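# Coordinate inspection notes
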Amino acid sequence: MTRSSSAELLKSVEYWPNHLLSIAEWSLLPENNRHCRELVDGVLVVAPQPPRHQLAVWRLAAQLERALPRRMAAMARIELLIDEGTPPTVRVPDVLIVGGAAGAEHATRVRPPDVLAAIEIVAPGSRRVDRVMKFAEYAAAGIGHYWLLETEDALRLYTFRLQDGRYIPTGEHVGQVTLELDDLGLPLDLDALTALRPAGVSV
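The shown structure was predicted, so the numbers you read here are calculated from the model rather than taken from an experiment.

Reading the values: the criteria
- Residues numbered from 1 in each chain as written.
- Predicted model: local features only at pLDDT ≥ 70, side-chain atom pairs only at ≥ 80, totals over all residues.
- Heavy atoms only, no water.
- Helix = DSSP H or I, 4+ residues; strand = E, 2+ residues; numbered from the N terminus.
- Buried < 20%, exposed > 50% of the residue type's maximum accessible area, 1.4 Å probe, protein only.
- Pairing = 2+ DSSP bridges.
- Right-handed = clockwise from strand over helix to strand, strands pointing away.
- Patch = residues over 30% accessible without salt bridge, like charges linked within 9 Å, V, L, I, M, F, W, Y side chains within 5 Å.
- Areas by Shrake-Rupley, 256 points an atom, 1.4 Å probe, with all protein chains shown as cover.
- Salt bridge = Lys/Arg side-chain N within 4 Å of Asp/Glu carboxyl O.
- Core = buried A, V, L, I, M, F, W, Y, C linked by side-chain atoms within 4.5 Å.
- Contact = heavy atoms within 4.5 Å.
- Expected span 1.5 Å × (residues − 1).
- Phe/Tyr/Trp six-rings, centres within 6.5 Å; stacked < 30°, edge-to-face > 60°.

### A few points about unusual backbone geometry
Note that the residue after T86, namely P87, is joined by a cis bond; omega there is 0°. Looking at where P87 falls in the secondary structure, it is placed in the loop between β4 (79-83) and β5 (89-91). Not every positive phi belongs to a glycine, and R77 is a case in point at roughly 55°. Structurally, R77 can be placed in the loop between β3 (72-76) and β4. Taking relative accessible area as the criterion, R77 reaches 21% and is therefore assigned partly exposed. Backbone geometry places D164, a non-glycine residue, at a positive phi of 55°. Inspection of the secondary structure assignment puts D164 in the loop between β10 (156-163) and β11 (166-173). For D164, a relative accessible area of 77% translates into the label exposed.

### Looking at the pairing of strand β8 (residues 115-121)
Burial analysis of β8 places 6 of its 7 residues in the buried class, which makes it a mostly covered element. Here strand β6 (residues 95-99) pairs with β8 via 4 bridges, running antiparallel. Residue pairing across strands places V95 opposite I119, the latter belonging to β8. The pairing of β8 with strand β9 (residues 145-150) spans 5 bridges and is classified as parallel. Along β9, the bridge assignment pairs A117 with H145. Handedness of the crossover joining β8 and β9 through helix α5 (residues 127-141) is recorded here as right-handed.

### Quick look at a nonpolar patch on the surface
A contiguous nonpolar patch, built from L20, V43 and V45 and spanning about 230 Å² of accessible area, is present on the exposed surface. Tracing the backbone through its elements, the reader meets V45 in strand β2 (residues 43-48). When its relative accessible area of 35% is taken as the criterion, V45 is described as partly exposed.

### Here's the deal with the nonpolar core
Core analysis: the biggest nonpolar cluster contains 26 residues, and L60, L64, V95, I97, W147, L186 and L188 have the highest contact counts within it. If you tally residues by element for this core, the top one is helix α3 (residues 51-67), at 5 residues. Those residues in contact with V95, other than ones at most four positions away along the chain, are V57, L60, A61, L64, A74, M75, A76, A117, A118 and I119. Grouped together as the second largest cluster of nonpolar side chains are 19 residues, I78, A107, Y138 and I143 included.

### Observations regarding α3
Between its first and last C-alpha, α3 extends 25 Å over 17 residues, near the 24 Å set by a 1.5 Å rise per residue. Residues of α3 that are buried include every one of H53, Q54, A56, V57, R59, L60, A61, Q63 and L64, and no others. Where the residues of α3 are buried, they touch β3, β6, β8, β9 and β13 (184-189).

### Considering the packing of aromatic side chains
On inspection of all chains with the given rule, the structure shows 5 aromatic pairs. Judged by centre distance (5.0 Å) and plane angle (85°), the rings of F135 and F160 are edge-to-face. Of this pair, F135 sits in helix α5 while F160 is found in strand β10, placing the two residues 25 residues apart along the sequence. Exposure remark for F135: the relative accessible area of 22% places this residue in the partly exposed category. Each member of the aromatic cluster is reached from another via a ring pair, and the members are F135, Y138, Y146, F160 and Y167.

### Considering the pattern of salt bridges
According to the stated counting rule, one finds 11 salt bridges in the structure shown. For R91, the salt bridge is made with E38, and the minimal N-O distance between the two is 2.9 Å. Taken as a pair, R91 in strand β5 and E38 in strand β1 (residues 35-40) lie far apart in primary sequence, 53 residues in all. For E38, a relative accessible area of 6% translates into the label buried.

Below you can see the structure in the form of C-alpha cells.
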C-alpha cells in the first residue's frame with residue numbers, strides 16, 4: 001500500500017461531501033477497503049488501515065468465531081447504527097460479537113441491542129476515538145462489553161463490562177487468555193494476532 005500523493009489528496013478533499021449525510025446517502029457510498037469510514041453526526045470520517053492493523057482484525061474475528069456457539073457470530077468491520085436520527089451516527093468497529101437474528105444471518109448492519117461485545121484495536125490514527133469517544137458512545141448505547149486491544153509495544157487487551165450505564169474494568173490480558181462473555185469462556189491467543197508465519201509455511 002502506497003501513501004497517497006498530494007494531488008490525490010487534494011482531489012479527494014475537493015469532492016468531499018459539503019453537507020451532513022443521511023443514512024440513505026451513506027449507504028450509497030462505494031466500498032473502500034483501504035480506509036475505515038464512519039459517520040459521526042452526519043459527518044464522514046475516514047481513517048487509514050495499516051496492514052498490521054488489518055491482519056489483527058481478521059485474525060481476531062477468526063479466533064472468536066471458532067469459539068462461539070451457533071447462535072452468535074464474530075464479524076469484522078460491519079456497520080453499527082448508533083443513532084439513526086438526523087443527523088445519524090454509524091460506527092464500524094473492528095470486530096463485533098453479535099447474537100440473535102443478526103448473528104444467524106451475518107448481517108452487514110446491526111443495532112446496539114444485537115451486540116454482545118464491541119472490540120476495537122487501537123491504531124496510531126484512532127487512539128482518542130477508541131479510548132475516549134467510542135468508550136462513551138458504546139456505553140451510552142447499552143453495549144454490554146467493550147474490549148480494547150492496545151498494539152503499542154506488546155499486545156495487551158483491556159476488557160470492560162457495562163454496569164449502571166458506564167464501563168467498569170474487568171481485566172488486563174496478555175498472551176494466551178480465556179475471556180468471559182456472560183456465560184461463555186472464549187480462548188484467545190493475542191500474540192498470534194500479528195505474528196508472522198515461519199518461512200516455508202503455507203496457508
